[in-house]
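# A structural walkthrough
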Amino acid sequence: MPSKAQLLWMYEAMEKARYYEDTMATVYMEGKQPKFDIGAGTVPGEMHLAAGQEPCAAGVCVHLRPEDTVTAPHRPHHVAIAKGVDLNRMTAEIFGKKSGLSGGRGGHMHLFDPAVNFACSGIIAEGTGPAVGAALAAKLKGSDAISVSYIGEGAANQGATHEALNLAGLWKLPVVFVIEDNAWGISVPKSKATAIADTSQRAAGYGMPGHHVADNDTLALFEVAGEAVARARRGEGPSLIEVETYRYYGHFQGDPELYRPKGEVEALKAKDPIERLRKAMLEGGEITAEEADAARDRARQEVDEAYAFARAADYPAPEEALTHVFA
Amino acid sequence: MPSKAQLLWMYEAMEKARYYEDTMATVYMEGKQPKFDIGAGTVPGEMHLAAGQEPCAAGVCVHLRPEDTVTAPHRPHHVAIAKGVDLNRMTAEIFGKKSGLSGGRGGHMHLFDPAVNFACSGIIAEGTGPAVGAALAAKLKGSDAISVSYIGEGAANQGATHEALNLAGLWKLPVVFVIEDNAWGISVPKSKATAIADTSQRAAGYGMPGHHVADNDTLALFEVAGEAVARARRGEGPSLIEVETYRYYGHFQGDPELYRPKGEVEALKAKDPIERLRKAMLEGGEITAEEADAARDRARQEVDEAYAFARAADYPAPEEALTHVFA
Amino acid sequence: MSSNRQLTVSRAMAEAIALEMRTDPSVFVMGEDIGTYGGIFGATAGLLDEFGEERVRDTPISETGFIGAGVGAAMAGMRPIVELMFVDFFGVCMDSIYNLAAKNTYFSGGNCKVPMVIMTATGGGYSDAGQHSQTLHATFAHLPGMKVVAPSNAYDAKGLMAAAIRDDSPVVFMFHKGLQGLAWMASPEEAATAVPEEAYTLPFGEARVVRAGKDVTLVTLSMMVHRAMDAARALEKDGIDAEVIDLRSLVPLDRETILQSVAKTGRLVVVDEDYRSYGLTAEVIASVVEKDPGLLKAPPQRLAVPDVPIPYSRPMEQFVLPNAETIAAATRITLGKAG
Amino acid sequence: MSSNRQLTVSRAMAEAIALEMRTDPSVFVMGEDIGTYGGIFGATAGLLDEFGEERVRDTPISETGFIGAGVGAAMAGMRPIVELMFVDFFGVCMDSIYNLAAKNTYFSGGNCKVPMVIMTATGGGYSDAGQHSQTLHATFAHLPGMKVVAPSNAYDAKGLMAAAIRDDSPVVFMFHKGLQGLAWMASPEEAATAVPEEAYTLPFGEARVVRAGKDVTLVTLSMMVHRAMDAARALEKDGIDAEVIDLRSLVPLDRETILQSVAKTGRLVVVDEDYRSYGLTAEVIASVVEKDPGLLKAPPQRLAVPDVPIPYSRPMEQFVLPNAETIAAATRITLGKAG
Ligand SMILES: Cc1ncc(C[n+]2csc(CCOP(=O)(O)OP(=O)(O)O)c2C)c(N)n1
Ligand SMILES: Cc1ncc(C[n+]2csc(CCOP(=O)(O)OP(=O)(O)O)c2C)c(N)n1
Ligand SMILES: [Mg+2]
Ligand SMILES: [Mg+2]
């Protein structure tokens, strides 16, 4: 069971991520109306939002330390937020500004914050190998830092995932693999992508424990992830967790979602995980509505400030494009 | 239980493959003495021999038809022989001759015989996808042809293998995956490459049955493969079989094998699978020693003729190198 | 519909595929989101409805697997069209492309064929950053055994796609996202063209002189044809008469047309959206001077991405991509009219 | 041992690695068969005994996984050296190399470093066929973010390897199998050289004039340096004085040295064991003429594999690889002395 502090931390991280994404959904449309042009506006390019997937981020990252490495995929904001990435500079990066994490070179799919050992990437399952490597580095250095590798359920069928799972299992490395099963890989449902229903069953093929978390349950994930993180920290090896989660938005903003059954999102929203966590927290009796509200308000204010920071920031000079190709 | 004809067929195929490899081991050294130079001699380049692995070839291919597709890896001779590849032209190819299967363009790792739908390749696990594709083609055409994809136990950890297994399981395609576990991937033992001991356990992760055949047992494999092939032929989907087998020679000819425990090969040879099959056949009572000897002699004669054919054949003209890049 | 009907490139591609699928049952399509979604860049829109799930087959995110499967299916008598969603993803599956699809014909001494189309989206300019904006023309064209095409407009796209499907060798069909005529991405007007309704093919290796001119030769392909034409129109105002050549394919490369043009103009500018070094710009220049360095009256100019990953932020991205202004400026330099 | 001791390239590489491992605990080696076996081409021979299994780590056949792991380890403060056994295998793992190792520095705006060496064996000539004989120089050099070196001898190999390990950017170290000095593969005598015992580095991007000459410039690298030198010696007998340049690295490319030489000789022959089109030969030629086409008094010559997969059979393979005779013949052509 999470402590009061852990509960509040998760709740705040989830509210922050949700508000971040909802704000982004609005900001993203600035300059894209009346005609939607993906390259136009305040925030151009592809935009993958994770509203609904907050439990995956908060329920795992609550167990982590800054020195632990997290690799996330193309849908990274909720995880970055839970890992403690600098929100101002992250937002400035997404706005393509000079004060962004990477001075605007990376953008929304390439957020790097070495202060908290966070990275993400745009190629499916590309972060799995680096997570294994960071864990190997920890082992070689005798540190008890661990790695968490996030992928989507669609990414589970990419060769890179298999190789990383086997390496981690073989070398008993401190890695926790988290599969965010939001039921879709763009327009392809899991049933048309994965030969089995529960991907965590593949864990046995790599000599590691597999865990399945049903229905986006933050508290269930908290327990399972706590176990997996502790196991890794003790040097006993990796784990694989699959979490059934919800994707509220389209695959990317602008996705017509013609493939999606009518009413699916509404049904998911009816059991929103943030609401559920809040309810459980308050019912637990230790946390008051005022405390929860304060956490939520803090979260929103931080997000508002980040957007303001990004908006006010300058664009890089064009020639800056030529720098930092090499170290 | 195999019929008399099946037993004799397997025995002959295994004797043929063994004699082929032992002959190759000798021929390969022609022109490489006193100083070994991999590029010199009658047969230059890398040479991967499969003596000891004959059960994997014969025990599966006995169930196949010419229209079934087989993809083999870099150690392909035993499988090619069991699949019925033209032995003269295969040997001429390995000699680099004009009358070789591919006019000398491919060599020992690139044997293609479309008459029996056999292909092999030099990149680990590269044949897995094509086997899936041939099975898909059969399905789309409404044929009951199947595919067999051979890989080594080391190749089981390559991403391509994972993707092909998932595709076959997902689309319920008629593929039989055969892992030849000869305990080594060059110098790396299975225990240092694969996180679990029995790779066939991964089958569950792809929604297909997995079978493990212990100790290079031709008859046990015959049963299991018969089941897998029949299942595929009936349109019920793929299977994965791992066979514990023996590698008598080094990874390639010239391998100093410094990594290999002393006495390992001798211990394996003491339970030679061809001897064991012959013994079982004769004990079964249906087959006489004369019949077995005749099969063996036929096999050897065919091999001798193939080497004679290859030796007598002409080299291609150098400029032939420029042809057949495109169809 | 009249035969003057205009099609976008994406519709032209889908139409070419549909026409072949109607007449040849061995043609089928595989890839991520090519079914219900119709392809992220619209190249397969409408096909699922007409041909069903067996022949218009969504795949898992397993590019090595399904491109390898395409090779196996092609060798077994089918004519698969597989989509690699973005060319940037080649790194996860290049073995299936360059070592398998491209080499099996040769390895088999011509006894096996691999009649397969690998279609893939290229190009940037819309802030999709360094793993979703590359062009990578030379990455494919450098390696033997595959034909490589990159059309600039709908008419060419339809004809080249039909030719690719009917070809008995693997063809890499590189289409530029910004030419597709998608509702959600800007596209030059000239990319959409009149397209005949019936099936037709265009030969590979025949460049098109998009604009005849006598002063300087601009050699390019794909999106950059439109940028070069914009440059040519601007240069015209200054009395500079540029010839613009659309290569249409990288393999085979129509060196003859380039040579004829340079023999006439004596000045060469090569424009490519791919990286600069070890790329198309060098190949075109080398192809000219290995014939005769005297053909060039002035140093040739190369415009391409200056060997940096494509940056995300708009000002930086626009800076690294060639455009009408930079092309015109480079042209003026080679004409000695800079300043 | 005297400081004149001769080392093979493979021993020079292993020695460079050992020296760095002794002084820097963050250096470690990973790859297939690099432990007990010592590397199929000997580049890690002896390291396991000295440094143990943790730092000299055999891997499964999972190139995407362990190269990706190398990137993660490098970003976490280590200096991994990973071996890709044959460069031909890049197709199964190029994403980890070109999209991850090569771009993370840029994507992070320089806030993350990827100090990593990817060493890989190139080259043919011993009948290992089309998936084990390629050179693929341009495949790597075309893509931004990685330095690419390809030494021709032991002295350079040791210095460039040390520099690669100490570099804070990813370096692709392409060593030619036929230069390694292995007991089982022929190697030119000059590849083994005197090598100092202590550690030293060589800078990237500094070509070496292997032979000064005034009549013609032969630009090449790796194995082909030895073939070009053989050609130069043969040409000398005919009174032709060839300058031979060993580029040593493709990225950075020492265009200055090439230009200086061509400014002197006015004649250029470029020799590469990689495929011909869209490769090194074109880049070198374009680099010269984009400076000034007038530098070339005659058409430059390119020698490279003629855009076919490397065939297995000896006569065909030898035909597609440049050699001393074909280099000498091409040189005579550019000098107008053919026939
Ligand atoms: C190797 C590769 N293939 C394809 C893509 C295109 N792509 C981006 S996201 C995506 C779907 C991913 O699905 P999933 O892993 O379930 O993550 P989700 O988007 O649902 O979060 C695809 C196919 C890619 N980025 N990389
Ligand atoms: C992608 C790739 N990586 C590495 C190699 C080099 N290689 C050739 S055979 C081999 C070992 C294969 O082991 P296994 O799959 O067990 O087959 P075996 O040789 O034992 O028959 C390796 C690493 C290769 N050919 N392709
Ligand atoms: Mg998903
Ligand atoms: Mg093995």
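Residues numbered from 1 in each chain as written. Chains lettered and ligands numbered in written order. Predicted model: local features only at pLDDT ≥ 70, side-chain atom pairs only at ≥ 80, totals over all residues. Heavy atoms only, no water.

Under an unreviewed UniProt entry, the name given to chain C is Alpha-ketoacid dehydrogenase subunit beta, and the source organism is Aquibaculum arenosum. Quoted verbatim from the Cofactor (unreviewed entry) field of UniProt, the annotation for chain C is "thiamine diphosphate". (UniProt positions renumbered as here; feature names shortened; annotations may be inferred.)

Chain A appears in an unreviewed UniProt entry as Thiamine pyrophosphate-dependent dehydrogenase E1 component subunit alpha from Aquibaculum arenosum. The Function (unreviewed entry) field of the UniProt record for chain A holds the comment "The pyruvate dehydrogenase complex catalyzes the overall conversion of pyruvate to acetyl-CoA and CO(2). It contains multiple copies of three enzymatic components: pyruvate dehydrogenase (E1), dihydrolipoamide acetyltransferase (E2) and lipoamide dehydrogenase (E3)." Note on chain A: under the UniProt heading Catalytic activity (unreviewed entry), the record states "N(6)-[(R)-lipoyl]-L-lysyl-[protein] + pyruvate + H(+) = N(6)-[(R)-S(8)-acetyldihydrolipoyl]-L-lysyl-[protein] + CO2".

## Points about the overall build of chain C
When helices and strands are tallied, chain C shows twelve helices and 14 strands. For 339 residues, the compact-globule estimate of 2.2 N^0.38 gives 20 Å, and the C-alpha radius of gyration of chain C, at 20 Å, lies within 12% of that figure. Its C-alpha atoms give chain C principal-axis dimensions of about 60 × 45 × 40 Å. Put simply, chain C has 339 residues, and 73% of those count as buried. Nonlocal contacts in chain C, meaning residues at least 24 apart in sequence, comprise 82% of its contacts between residues at least 6 apart. For chain C, the accessible surface area stands at approximately 8,800 Å², while carbon and sulfur atoms represent 49% of it. If you average the places of the 29 positive and of the 41 negative side-chain charges in chain C, the two averages end up 6 Å apart. (Helix = DSSP H or I, 4+ residues; strand = E, 2+ residues; numbered from the N terminus. Rg over C-alpha atoms; globule rule 2.2 N^0.38 Å. Buried < 20%, exposed > 50% of the residue type's maximum accessible area, 1.4 Å probe, protein only. Contact = heavy atoms within 4.5 Å. Areas by Shrake-Rupley, 256 points an atom, 1.4 Å probe, with all protein chains shown as cover. Lys, Arg positive; Asp, Glu negative; His and termini not counted. Charge placed at Lys NZ, Arg CZ, Asp CG, Glu CD.)

## A look at the relation of the copies chain C and chain D
Mapping chain C onto chain D leaves a residual RMSD of 0.0 Å; the transformation is a rotation of 180° accompanied by 0.0 Å of translation along its axis. In short, the pair behaves as if placed about a two-fold rotation axis. Mapped onto chain D, 98% of the interface residues of chain C again fall at the interface, so both copies present the same surface. (Least-squares fit on C-alpha atoms with pLDDT ≥ 70 in both.)

## Examining the domain arrangement of chain C
All names here are of chain C. Its domain assignment divides chain C into domain 1 (6–194) and domain 2 (208–334). Facing the 30 residues of domain 1 at the interface are 27 residues of domain 2. Buried surface at the junction of domain 1 and domain 2, both sides included, amounts to about 2,200 Å², of which 54% is carbon and sulfur. Looking only at domain 1, the three residues that lose the most surface to domain 2 are Ser 127, His 137 and Ser 152, adding up to 22% of its buried area. Between Glu 190 and Arg 233 there is a salt bridge whose closest N-O contact spans 4.0 Å. Among the elements of the structure, helix 6 (137–141), strand 6 (147–149) and helix 7 (154–166) are those that each provide at least two residues to the side of domain 1 that touches domain 2. For the side of domain 1 that touches domain 2, the class distribution of residues is 14 nonpolar, 13 polar and three charged. (Domains from an automatic or database assignment. Buried area = accessible area lost by both parts, 1.4 Å probe. Salt bridge = Lys/Arg side-chain N within 4 Å of Asp/Glu carboxyl O. Nonpolar A, V, L, I, M, F, W, Y, C, P; charged D, E, K, R; others polar.)

## Some points on the interface of chain C and chain D
Counting residues at the interface gives 53 residues for chain C and 52 residues for chain D. A buried area of about 4,400 Å², summed over both sides, lies between chain C and chain D, and 61% of it is on carbon and sulfur atoms. In this structure, the connection of chain C to chain D is made through six salt bridges. For C:Glu283, the salt bridge goes to D:Arg302, with nearest N and O atoms at 2.8 Å. Among the secondary structure elements, those contributing two or more residues to the side of chain C that touches chain D are helix 4 (94–101), helix 5 (104–107), helix 6, strand 12 (249–251), strand 13 (268–275) and helix 10 (280–289) of chain C. Looking at the side of chain C that touches chain D, the element that brings in the most residues is helix 10 of chain C, giving seven residues.

## Remarks on the side chain of A:Glu163
Note that A:Glu163 resides in helix 6 (residues 159–170). Buried and unpaired, A:Glu163 has no salt bridge, with B:Arg202 as the nearest side chain of opposite charge at 9.9 Å. In this view, A:Glu163 contacts B:Asn157, B:Gln158, B:Gly159, D:Ser62, D:Glu63, D:Thr64 and D:Gly65; residues no more than four positions away in its chain are not counted.

## Some thoughts on the site of ligand 2
With respect to spatial proximity, 22 residues lie near ligand 2, and among them B:His74, B:Arg75, B:Asn182, B:Trp184 and D:Glu63 are the closest. Nearby residues around ligand 2 are contributed by chains B and D. In isolation ligand 2 exposes 580 Å². Once the protein is present, 97% of that is buried. Judged by the fraction of its atoms near the pocket grid, ligand 2 is located in the second largest cavity. Of the residues in the shell around ligand 2, the class split is nine nonpolar, nine polar and four charged. (Near = heavy atom within 4 Å. 1 Å grid on protein atoms, 1.4 Å probe; cavity = no way out; pocket = protein on both sides within 12 Å on 5 of 7 lines; lining within 4 Å. Sits in = over half its atoms within 2 Å of the grid points.)

## Quick notes on the site of ligand 1
Residues in close proximity to ligand 1 total 21 residues, the closest being A:His74, A:Arg75, A:Asn182, A:Trp184 and C:Glu63. Neighbouring residues of ligand 1 are distributed over chains A and C. Residue A:Arg75 places a side-chain N or O atom 2.8 Å away from an oxygen atom belonging to ligand 1. Protein chains shield 97% of the accessible area of ligand 1, which is 580 Å² for the free molecule. (Polar contact = N/O pair within 3.5 Å; in protein donor to acceptor, adjacent residues only side chain to side chain.)

## Considering the interface of chain A and chain C
For interface size, the figure often reported is the accessible area lost on association. On the chain C side, the residues contacting the 50 residues of chain A number 40 residues. A combined buried area of about 3,300 Å² lies between chain A and chain C, and 61% of that area is made up of carbon and sulfur atoms. For the pair chain A and chain C, the number of links is 18 residue pairs in polar contact (both at pLDDT 80 or more). Tallied by class, residues from the side of chain A that touches chain C come to 24 nonpolar, 16 polar and ten charged.

## As for the pattern of salt bridges
Following the criterion strictly, the structure yields 94 salt bridges over all chains and no others. Its salt-bridge partner being A:Lys190, residue A:Glu242 comes within 2.9 Å of it at the nearest N-O pair. Here A:Glu242 is found in strand 9 (residues 239–244), whereas its partner A:Lys190 is found in the loop between strand 7 (188–189) and strand 8 (210–213), with 52 residues between them in sequence. In this pair, the class of A:Glu242 matches that of A:Lys190, namely buried. Between D:Asp238 and D:Arg332 there is a salt bridge, with its nearest N and O atoms 2.6 Å apart. With D:Asp238 in the loop between helix 8 (223–237) and strand 11 (242–246) and D:Arg332 in helix 12 (residues 324–334), this residue pair connects regions lying 94 residues apart in the sequence. Judged by its relative accessible area of 22%, D:Arg332 is partly exposed.

## Looking at the side chain of C:Lys147
With respect to the helices, strands and loops of the structure, C:Lys147 is situated in strand 6. Look at C:Lys147 and you get buried, because its relative accessible area is 15%. Among the polar contacts made by the side chain of C:Lys147, one reaches the side chain of C:Asp167 at a distance of 2.9 Å. If sequence neighbours within four positions are ignored, C:Lys147 has contacts with B:Phe326, C:Asp167, C:Ser169, C:Pro170, C:Val171, C:Val172, C:Phe204 and C:Val251.

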